[in-house]
Amino acid sequence: DGGITQSPKYLFRKEGQNVTLSCEQNLNHDAMYWYRQDPGQGLRLIYYSQIVNDFQKGDIAEGYSVSREKKESFPLTVTSAQKNPTAFYLCASKAQMSYNEQFFGPGTRLTVL
Amino acid sequence: EDQVTQSPEALRLQEGESSSLNCSYTVSGLRGLFWYRQDPGKGPEFLFTLYSAGEEKEKERLKATLTKKESFLHITAPKPEDSATYLCAVQAGEGGSQGNLIFGKGTKLSVKP
């Protein structure tokens, strides 16, 4: 089955630690996205990548980093510089044709202890 | 500034009681409007894409419509399993942010038996 997988489903981080969230897709999509979702707020874009080895900052990139070494994978690192990392993180992908919808993974809930 | 506003924030219906959710937007050059359904603790599930004013799409008890300023998601004779948060997003403009979506905060729908 084609789709997007995210792991882990739940992640706990201590203060000062970096953690990496995994996102993999087998839809052969070129573009991939990372969003953050907080209660009462819309999804906010962290980073996006439209092609391998290239990525762009979204609206709230501070304290996060990404890589795109393979078409299928777009891991997100939440660094210790992120002031308030507790949130629900969603990965999405999209075919490269401009108007196509984005498809989302199941999400990772990150909690800072 | 591009903006998406959804109303109401929450909606409680009795089973079989039809209603509509609203998504109003201000955007420079609408490329597409997207509706998603999100269940608690899960990633958004794609429902519809609308591209131009006057367009309508239907799926089971849901019907989405689009005007130049807003979109409606009509729910006919809802069932308890329709309970979820419904998200609206727009794709706007051109340039470096091609494909990026702007999300509303969502409408949380509860359908009581």
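Above this text you will find the structure in question.
The notes below deal with the structure included here. (Residues numbered from 1 in each chain as written. Chains lettered and ligands numbered in written order. Predicted model: local features only at pLDDT ≥ 70, side-chain atom pairs only at ≥ 80, totals over all residues. Heavy atoms only, no water.)

1. A short note on the interface of chain B and chain A
Okay, so step 1: Listed per partner, the contact involves 22 residues of chain B and 23 residues of chain A.
Okay, so step 2: Carbon and sulfur atoms make up 50% of the surface buried where chain B meets chain A, a total of about 1,700 Å² over both sides.
Okay, so step 3: For the chain B face of the interface with chain A, the top three residues by lost area are Pro44, Asn100 and Phe103 of chain B, together amounting to 24%.
Okay, so step 4: Counting across the interface, chain B meets chain A through zero salt bridges.
Okay, so step 5: Joining chain B to chain A, the criterion identifies three residue pairs in polar contact (both at pLDDT 80 or more).
Okay, so step 6: Counting only elements with at least two residues in the side of chain B that touches chain A, the list comes to β4 (30-38), β5 (45-50), β9 (84-92) and β10 (101-103) of chain B.
Okay, so step 7: Along the lines of polarity and charge, the residues of the side of chain B that touches chain A split into eight nonpolar, eleven polar and three charged. (Contact = heavy atoms within 4.5 Å. Buried area = accessible area lost by both parts, 1.4 Å probe. Salt bridge = Lys/Arg side-chain N within 4 Å of Asp/Glu carboxyl O. Polar contact = N/O pair within 3.5 Å; in protein donor to acceptor, adjacent residues only side chain to side chain. Helix = DSSP H or I, 4+ residues; strand = E, 2+ residues; numbered from the N terminus. Nonpolar A, V, L, I, M, F, W, Y, C, P; charged D, E, K, R; others polar.)

2. Let's talk about a nonpolar patch on the surface
Okay, so step 1: A surface patch of nonpolar side chains, amounting to about 390 Å² of accessible area, comprises Tyr10, Phe12 and Leu113 of chain A.
Okay, so step 2: Its location among the elements puts Tyr10 of chain A in strand β2 (residues 10-13). (Patch = residues over 30% accessible without salt bridge, like charges linked within 9 Å, V, L, I, M, F, W, Y side chains within 5 Å. Areas by Shrake-Rupley, 256 points an atom, 1.4 Å probe, with all protein chains shown as cover.)

3. Digging into the nonpolar core
Okay, so step 1: Leu33, Trp35, Leu73 and Tyr86 of chain B are the most contacted members of the largest nonpolar core, which totals 22 residues.
Okay, so step 2: Among the secondary structure elements, those contributing two or more residues to this core are β2 (10-14), β3 (19-26), β4, β5, β7 (62-66), β8 (70-75), β9 and β11 (107-112) of chain B.
Okay, so step 3: In terms of residues, this core owes the most to one element, β9 of chain B, which gives four residues.
Okay, so step 4: Val19, Phe74, Leu76 and Val78 of chain A belong to the second-largest nonpolar core, a separate cluster that totals 20 residues. (Core = buried A, V, L, I, M, F, W, Y, C linked by side-chain atoms within 4.5 Å. Buried < 20%, exposed > 50% of the residue type's maximum accessible area, 1.4 Å probe, protein only.)

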